[in-house]
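Summary of the model geometry
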Amino acid sequence: MKRALVTGIGGQDGSYLADILLEKGYEVHGIIRHATTGNLINIKHLHGQIALHKGDITDGLCMDGIVRRVQPDEIYHEADQDNVDWSYAFPAYQLNVSAIAVTNLLHSVLEHCKHARVFIPVSATMFGDAPTPQTELTPFNPLSPYACGKVAAYNLARYYRQAHSMFVSTGILYNHDSPRRYGTGYLLQKICKAIALKEKLTLYNMDDVVDIGYAKDYMGYVYDMMQLERPDDYIICTNHIRTIRDIVGFAYRIVGLN
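Below, the structure is looked at part by part. (Residues numbered from 1 in each chain as written. Predicted model: local features only at pLDDT ≥ 70, side-chain atom pairs only at ≥ 80, totals over all residues. Heavy atoms only, no water.)

1. Some thoughts on the sheet that holds strand β2 (residues 27-32)
Stated precisely, the cut-off is as follows: Any two strands are treated as partners once DSSP identifies two or more bridges connecting them. Runs of H or I in DSSP of at least four residues are treated as helices and runs of E of at least two as strands, each being numbered from the N terminus. Each axis is a line fitted through C-alpha atoms, and for a helix only the stretch in contact is used; angles between axes span 0 to 180 degrees, taken between their N-to-C directions.
Strand order in this open sheet of seven strands is β3-β2-β1-β4-β5-β6-β10, and the pairing throughout is parallel. Edge positions in the open sheet fall to β3 (51-54) and β10 (233-236), since each of these has one partner strand only. Pairwise comparison of adjacent strand axes, ignoring direction, gives a mean angle of 20 degrees for this sheet. Note that strand β1 (residues 3-7) and β2 share five bridges and pair parallel. Pairing of Thr7 across the sheet is with Ile31, part of β2.

In structure tokens form, the structure reads like this:
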């Protein structure tokens, strides 16, 4: 039986990965931090099926101990602070979570279970305002501390892959959402909340285009990526872009509102 370790297992992406891995017959271990121990609703249905470890991805010694004990065959690093607006207010914290934590994890794997396959999620925000279509060869132009942290994580993954012959793949993920998305301030949450509560909806840049997919589908692609013969960097998106104006109009029409 293969053993997988999922950081951020209580979040949207981590919880979907836990579902997928259990369906594939894996022994699943997850890392949760103190701030999330009271909010594990996304994995409540998996009680008794997964092993949880208390820890903090920004603590190198903590990560070292968990990786050494679990000895996973595959690691899915899904713990992060993913709100771009938040990163402007707390840039040092963002880089600690997005970049230093990746260093901690990859170094622990190198030291204790170099055979393990590792997935590092990065973000299409790394491209900044680069024109579409964007590909894996599009130059990066990060325009936020969040995007800067993801560029660092991307380069760290490539470094460990090339310098130490480790299996480290990255997924350059475009927007993805689901009912398991925790937090506020995300586009679809704003729209749905305004509709449900019949509140005023205020949005800007209505003609900006976005690509939004379903998180569970994306995590299925991530799993498939980890089963490939060689590690690499891959974009994950729907390839169907829509303006924010179109998305808002579609959502309101579904419920019969103007």
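2. Structural notes on the nonpolar core
Counted only if it meets this: To qualify as a nonpolar core, a set must consist of buried Ala, Val, Leu, Ile, Met, Phe, Trp, Tyr and Cys residues joined through side-chain atoms within 4.5 Å. Between buried and exposed lies partly exposed: a residue is buried under 20% and exposed over 50% of the maximum accessible area for its type, with that area taken using a 1.4 Å probe on protein chains only.
Of all hydrophobic cores here, the largest spans 37 residues; its most connected members are Leu105, Leu106, Val109, Val118 and Ile120. Elements represented by at least two residues in this core include exactly α2 (60-70), α4 (91-112), β5 (117-123), α5 (145-164) and β6 (167-173). Element by element, the count of residues in this core is highest for α4, at seven residues. By size, the runner-up hydrophobic cluster in this structure holds 26 residues, among which are Ala18, Ile43, Leu173 and Val222.

3. Comments concerning α4
This is how it is decided: What a helix is expected to span follows from its residue count: subtract one and scale by 1.5 Å. Given a residue, its bend is the angle between the two axes fitted to the seven residues that end at it and to the seven that start from it. Between two residues, a contact is recorded if the distance between any of their heavy atoms is within 4.5 Å.
With 22 residues, α4 should reach 32 Å at 1.5 Å per residue; the first-to-last C-alpha distance of 31 Å fits that figure. Of all bends in α4, the biggest is about 30 degrees, found at Val97. All of the buried residues in α4 are Gln94, Val97, Ser98, Ala99, Ala101, Val102, Asn104, Leu105, Leu106, Ser108, Val109 and Leu110. Check the buried side of α4 and you find it contacts α2, β4 (74-77), α3 (84-89), β5, α5 and β6.

4. Re the pairing of β2
Note the threshold: Orient the strands so they point away from the viewer; a crossover is then right-handed if the path from the first strand over the helix to the second runs clockwise.
Of all six residues in β2, five are buried, a share of seventy percent or more. Running through helix α1 (residues 12-23), the crossover from β1 to the neighbouring parallel element β2 is right-handed. When β2 meets β3, the two strands line up parallel, connected through four bridges. Opposite Ile32, over in β3, you have Lys54 as the bridge partner.

5. Considerations on helix α7 (residues 215-226)
The first and last C-alpha atoms of α7 sit 17 Å apart over twelve residues, in line with the 16 Å expected at 1.5 Å per residue. Those residues of α7 not exposed but buried are Ala215, Tyr218, Met219, Gly220, Val222, Tyr223, Met225 and Met226.

6. Thoughts on a nonpolar patch on the surface
Filter applied, for reference: Each patch is built from residues that are more than 30% exposed by relative accessible area and take part in no salt bridge. Like charges join if they lie within 9 Å; nonpolar side chains (Val, Leu, Ile, Met, Phe, Trp, Tyr) join within 5 Å. Values of accessible area rely on a 1.4 Å probe in the Shrake-Rupley scheme; residue burial ignores everything except the protein chains shown. We count a salt bridge whenever a side-chain nitrogen from Lys or Arg sits within 4 Å of a carboxyl oxygen from Asp or Glu.
On the surface, Phe250, Ile254, Val255 and Leu257 cluster together to form a nonpolar patch covering roughly 380 Å² of accessible area. As for its position among the elements, Val255 is in the segment after α8 (244-254). On the basis of relative accessible area, Val255 is assigned to the partly exposed category, the value being 45%.

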